[in-house]
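Here are the chains, one letter per residue:
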Amino acid sequence: MEPQTESGVTSSFSLKSDISELSILAENIENFGNDNGISDKAVFELNLVLDELFTNLVSYGCRSGSHNFEILLKLKDGLLTLWIEDDGHKFNPLEAPEPDVECNCEERKIGGLGIHFMRKMMDSIEYAWEDGKNKLKLTKNIQ
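Residues numbered from 1 in each chain as written. Predicted model: local features only at pLDDT ≥ 70, side-chain atom pairs only at ≥ 80, totals over all residues. Heavy atoms only, no water.

## A short note on the overall build of the protein chain
Okay, step 1: Helix and strand counts for the protein chain come out as three helices and five strands.
Okay, step 2: For the protein chain, the sequential pattern of α-helices and β-strands runs β-α-α-β-β-α-β-β.
Okay, step 3: Here the protein chain holds 143 residues, and 39% of them are scored as buried.
Okay, step 4: Sequence separation of at least 24 residues holds for 66% of the intrachain contacts in the protein chain that already meet a minimum separation of 6. (Helix = DSSP H or I, 4+ residues; strand = E, 2+ residues; numbered from the N terminus. Buried < 20%, exposed > 50% of the residue type's maximum accessible area, 1.4 Å probe, protein only. Contact = heavy atoms within 4.5 Å.)

Laid out in structure tokens, this is it:
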């Protein structure tokens, strides 16, 4: 999963397919942000997107509790890139429909906001299904 690394700061970690791992995810993002001078707003947005994404992948994408998620963060020249790889069910978030965020709260269907947040808060999203794995690349300009 690891891309070619020229220069820049990288961090990688693994998570089990368990909702209890959300605290580890948030801690890793916050530590990476603090260590690299990333704004609190950008760290909040990253945590929101990854929390929603991870929750959905664990809840709907995993065939069993034995899956792992590999996450790699790279910061170079003000561009933060995140690679997320898992071996759950094939799921391309780019094909998911936009949720209706304009309707009355009581009428709005549950779900779909994680992908909505990802589309709104990230600058680019790429998805590939390779070697039986979901591979998601998210980028965010943090300058």
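Following the structure, the description resumes.
## Considering the pattern of salt bridges
Okay, step 1: Applying the stated rule across the entire model yields five salt bridges.
Okay, step 2: The salt bridge involving Lys133 is made with Glu85; its shortest N-O contact spans 3.3 Å. In this pair, Lys133 is assigned in strand S5 (residues 133–141) and Glu85 in strand S3 (residues 79–86), connecting sequence segments 48 residues apart.
Okay, step 3: Residue classification places Lys133 among the partly exposed residues on the basis of a relative accessible area of 31%.
Okay, step 4: With its nearest N and O atoms 3.9 Å apart, the salt bridge here joins Lys135 to Glu85. Taken together, the residues span a long stretch of sequence, with Lys135 in strand S5 and Glu85 in strand S3 at a distance of 50 residues.
Okay, step 5: For Glu85, a relative accessible area of 8% corresponds to the buried category.
Okay, step 6: The network of salt bridges with common partners includes Glu85, Glu130, Lys133 and Lys135. (Salt bridge = Lys/Arg side-chain N within 4 Å of Asp/Glu carboxyl O.)

## A short note on the nonpolar core
Okay, step 1: Of all hydrophobic cores here, the largest spans 32 residues; its most connected members are Leu25, Leu82, Met118 and Leu138.
Okay, step 2: Those elements giving two or more residues to this core turn out to be strand S1 (9–16), helix H1 (22–35), helix H2 (40–61), strand S2 (68–76), S3, helix H3 (113–121), strand S4 (124–130) and S5.
Okay, step 3: The leading source of residues in this core is H2, at nine residues.
Okay, step 4: In contact with Met118, other than residues within four places in its own chain, are Val49, Leu53, Pro93, Ile125, Leu136 and Leu138. (Core = buried A, V, L, I, M, F, W, Y, C linked by side-chain atoms within 4.5 Å.)

## Some points on unusual backbone geometry
Excluding glycine, residues mostly carry a negative phi; peptide bonds, for their part, are mostly trans.
Okay, step 1: Look at Asp77: it is not a glycine, yet its phi comes out positive at around 50°.
Okay, step 2: Positionally, Asp77 belongs in the loop between S2 and S3.
Okay, step 3: Overall, Asp77 belongs to the exposed group, its relative accessible area being 65%.
Okay, step 4: Positive phi is not limited to glycine here, since Asp131 has a value of about 55°.

## Some words on the environment of Ala128
Okay, step 1: By the element assignment, Ala128 lies in strand S4.
Okay, step 2: The sequence separation of Ala128 and Asn92 amounts to 36 residues, and the corresponding C-alpha distance is 7.6 Å.
Okay, step 3: If we skip the residues at most four places from it in the chain, Ala128 touches Lys133, Asn134 and Lys135.

## Things to note about the side chain of Asp86
Okay, step 1: Mapped onto the elements of the fold, Asp86 is located in strand S3.
Okay, step 2: Ignoring sequence-local partners within four residues, the contact set of Asp86 consists of Leu57, Asn68, Phe69, Lys133 and Asn134.

That is the geometry; function is a separate question.
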